[in-house]
Amino acid sequence: MHRGKGMKFVGDSRIPAERKPNIPKDYSEYPGRTEAFWPNFLLKEWLVGAVFLIGFLVATAAHPSPLEQQADPTNASYIPLPDWYFLFLYQFLKYQYAGGDFIVLGAIVMPGLAFGALLLAPFLDRGPERRPTRRPIATGLMLLGVIATFWLTYESVSHVDYEQRSEQYGVKEEGEGPDINTDHPGYAVYEANCLSCHGDTLQGQGSNPSLLKTEKSVEEIKHIAKNGIGNMPSGVFNGSEEELQKLAEFIHSAATGGGKGGEKGSGGEGEGGSDSGSGH
Amino acid sequence: MSKKQVSRRQFLNYTLTGVGGFMAAGMLAPMVRFAIDPVLKPSASGEMHPVVEVSKITNTPQRFEWEVKQQDAWYESMVQKSAWVYVDKNDEIVALSPICTHLGCVVDWSSNEQYPDQFYCPCHGGRYTKDGVNVPGTPPTAPLPIYEHKVEEDMLYLGRAHDRGGGV
Amino acid sequence: MLQKIYDWVDERMDITPLWRDIADHEVPEHVNPAHHFSAFVYCFGGLTFFVTVIQVLSGMFLTMYYVPDIENAWKSVYYLQKEVAHGQIVRGMHHWGASLVIVMLFLHTLRVFFQGAYKKPRELNWVVGVLLFFVMLGLGFTGYLLPWDNKAYFATQVGLEIAAATPFIGDQIRTLLAGDPEIVGAQTLARFFAIHVFFLPAALFGLMAAHFIMIRKQGISGPL
Ligand code: HEM
Ligand code: FES
């Protein structure tokens, strides 16, 4: 192509008038088995990408993204949990020397040092060696960081029952979720004595457990209602012995599945509440 | 570079475009369907609302108002509707929408002294005869829409207003 | 036809060199999984980009229904997921994509780190990369609040408390993020929305452009 004196342009622009043909370079002379990026390599990449995309779309269709109940700032019993990739930090702050009085250390100084080191890694690890085995300090620190992150993440979720959370905090659908028999004579007693803690459908809230899966017998339920258990104080129930009997029978029947439908005979629809929102 | 190589390259190019198109379509199809959903939603069936007792309807158009519950996706509200209602010569009830077909102002019956027997629109002087047909030479180009109606137990129920099309 | 359009534009804009810069280069053997399967680790950057494209597109479409307002945010999300055709998929793409992008970023970072690919002359690209990681985490944090459900609300409250632990200016940072010294509410949601859809994506695009320009300029690092 002509450069310098005598160069021709398109009109008064700075675009050279001479066209270069768009012929791809021939890479066969390069060392090793090189390949043209476009279209040879990209085609393979995109084939993999297409499979990846299909898998991803199937996964999204199979797993509805969770949506809990609308935010209620007054809900004092809610146990917060961040998205999984912040769990390691969340867990870290639970330790004595990282949280509480040492929060500055745990929330600012330590993560600051770790992420600062990550940001500046090329300036901390300046040697020419690239193989991980030839730069043991950098490799070791990174491995340590990764292992710590994994471990902290594991620690923070090992006690979390995600299924129970989604059951408890998820949106209750009409016709879905626990379908309790509100016509049962014990329901009114439940409403008056227990509903404020165990929820309007026995689903529990916060640290107050759901009663839907209790395996306790009628006698045991009567005992607990009067005398409490664990964090539940005694004397919650105040009413007649007859009411107590109805209450215990109601809870027992709801827990053993007898509460569903009931005399209303509306069965069929409620497919259980464990899965908030699939099938829509 | 031999001829054969170019055609192989061309083939790869086509395949690449195809795979790229497939990926773009796979990604965009659900999103586009999502975005155009309002266009494809079946329009809400015309529910009928009680408006006025039949005995109150006269030969002169009167304006009656009623409220309907409007469900706007996640937002629920009450909106006011109104209609000009009268009984025509054949004893049929006629309920006209008061929304001018020109630019949407609200028309009034006999509010212009010069045209006592017509609907008059104050915005640009649009006029309609009593049956709701626009008067030629005035801005509106279509008649006033007519409400679906039914009478049940001496009550007039109105549904959706339908464009009549045509016009003069 | 296409060739004619191309020539027409090329005559006026001289796009062939641009095209060559973007598409016409060789892929060395050591990064090509067709030759060495272990080279799939080089795909993580590209997959990160792919998921990022999905995020941007699905996010754009979600804002057609979503409203950043504490009265309506949750309702609009519920509506778009349950009532709008394919709403579950579009929201799902954005929701699960947000996790996937972090996974891919993590793997990409580890690949670059353990290969020592950040060494001279690629130091700056590493720094840009870590900044990209921070921006992505920021997008994750701000996006988590938007559906305005309990999980969102209480997690954000915790996050803001952590931000408030910064010495000296902690309270200011918290107020800046939340829009109010005490309340996590209407202003917080509006701010998080603005940060999530305008500020951080703008930073993301700028950084990604820098990242890609540097990669093209320097080429991929050689075999170990
Ligand atoms: C939105 C986020 C990011 C995108 C889309 C992205 C994309 C890419 C792509 C496509 C490559 C080409 C090689 C490959 O695929 O492995 C690359 C290379 C590179 N990336 Fe990233 N990246 C991102 C974030 C990061 C992060 C978080 C880091 C580091 C902390 C990083 C550091 C690098 C470096 C140093 C290179 C050059 C490596 C070499 O030449 O071998 N990038 N990036
Ligand atoms: S709007 Fe009625 S005449 Fe123009």
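As the structure is a prediction and not an experimental result, all values here were calculated from the model.

(A) Representation of the domain arrangement of chain B in the model. Domain annotation for chain B reports domain 1 (1-41) and domain 2 (49-162). The straight-line distance from the C-alpha centre of domain 1 of chain B to that of domain 2 of chain B is 52 Å.

(B) Focus on the pattern of salt bridges. A complete count under the given rule lists 19 salt bridges over all chains for this structure. A salt bridge links B:R33 to B:D37; the nearest nitrogen and oxygen atoms lie 3.0 Å apart. Its relative accessible area of 26% is what places B:R33 among the partly exposed residues. Given the relative accessible area of 5%, B:D37 is considered buried. The salt bridge partner of C:D24 is C:R20, with a shortest N-O separation of 3.9 Å.

(C) Molecular detail of the side chain of A:S156. Residue and element names in this part refer to chain A. Structurally, S156 can be placed in helix α5 (residues 136-157). Taking the relative accessible area as the measure of exposure, S156 reaches 4% and is therefore buried. In this structure the side chain of S156 is engaged in a polar contact, spanning 2.9 Å, whose partner is the backbone oxygen of T153. S156 has contacts with L87 and Q91, leaving out every residue within four places of it along the chain.

(D) The interface of chain B and chain A, seen in detail. Facing the 13 residues of chain B at the interface are 14 residues of chain A. Interface of chain B and chain A: buried area, both sides summed, is about 1,300 Å²; carbon and sulfur atoms make up 82% of it. For chain B, the biggest contributors to the area lost against chain A are B:R9, B:L16 and B:M23; these three give 43% of the whole. Summed over the shared surface of chain B and chain A, the number is zero salt bridges. There are two residue pairs in polar contact (both at pLDDT 80 or more) connecting chain B and chain A. Residues that form the side of chain B that touches chain A fall into these classes: seven nonpolar, four polar and two charged.

(E) Up close: the sheet that holds strand β5 (residues 108-109) of chain B. Residue and element names in this part refer to chain B. Spatial ordering of the open sheet is given by β5-β6-β7, a layout of three strands whose pairing is antiparallel. Whereas interior strands pair on both sides, the edge strands pair on one side only; in this sheet they are β5 and β7 (126-128). Here three bridges tie strand β6 (residues 119-121) to β7, and the two strands are oriented antiparallel to one another. The residue of β7 that forms the bridge with F119 is Y128.

(F) Inspection of a nonpolar patch on the surface at higher detail. Residue and element names in this part refer to chain A. Together, Y97, F102, V104, L105, V109, M110 and L113 give the surface a local cluster of nonpolar side chains, amounting to about 620 Å² of exposed area. As for its placement among the helices and strands, V109 is situated in helix α3 (residues 103-119). You can call V109 partly exposed: its relative accessible area is 36%.

(G) Up close: helix α6 (residues 123-145) of chain C. Between its first and last C-alpha, α6(C) extends 34 Å over 23 residues, near the 33 Å set by a 1.5 Å rise per residue. α6(C) sits mainly inside the fold: 17 of its 23 residues count as buried.

(H) Summary view of the site of ligand 1. Residues and elements named next belong to chain C. By nearness alone, 24 residues border ligand 1, and Y42, H108, R111, H211 and S221 come closest of all. One of the backbone N or O atoms of Y42 is found 2.7 Å from an oxygen atom in ligand 1. Listed by contribution, the elements that provide at least two residues to the shell around ligand 1 are α3 (43-62), α5 (87-114), α6 and α9 (186-218). Residue classes in the shell around ligand 1 are distributed as 13 nonpolar, nine polar and two charged.

Scoring rules and cut-offs
Residues numbered from 1 in each chain as written. Chains lettered and ligands numbered in written order. Predicted model: local features only at pLDDT ≥ 70, side-chain atom pairs only at ≥ 80, totals over all residues. Heavy atoms only, no water. Domains from an automatic or database assignment. Salt bridge = Lys/Arg side-chain N within 4 Å of Asp/Glu carboxyl O. Buried < 20%, exposed > 50% of the residue type's maximum accessible area, 1.4 Å probe, protein only. Helix = DSSP H or I, 4+ residues; strand = E, 2+ residues; numbered from the N terminus. Polar contact = N/O pair within 3.5 Å; in protein donor to acceptor, adjacent residues only side chain to side chain. Contact = heavy atoms within 4.5 Å. Buried area = accessible area lost by both parts, 1.4 Å probe. Nonpolar A, V, L, I, M, F, W, Y, C, P; charged D, E, K, R; others polar. Pairing = 2+ DSSP bridges. Patch = residues over 30% accessible without salt bridge, like charges linked within 9 Å, V, L, I, M, F, W, Y side chains within 5 Å. Areas by Shrake-Rupley, 256 points an atom, 1.4 Å probe, with all protein chains shown as cover. Expected span 1.5 Å × (residues − 1). Near = heavy atom within 4 Å.

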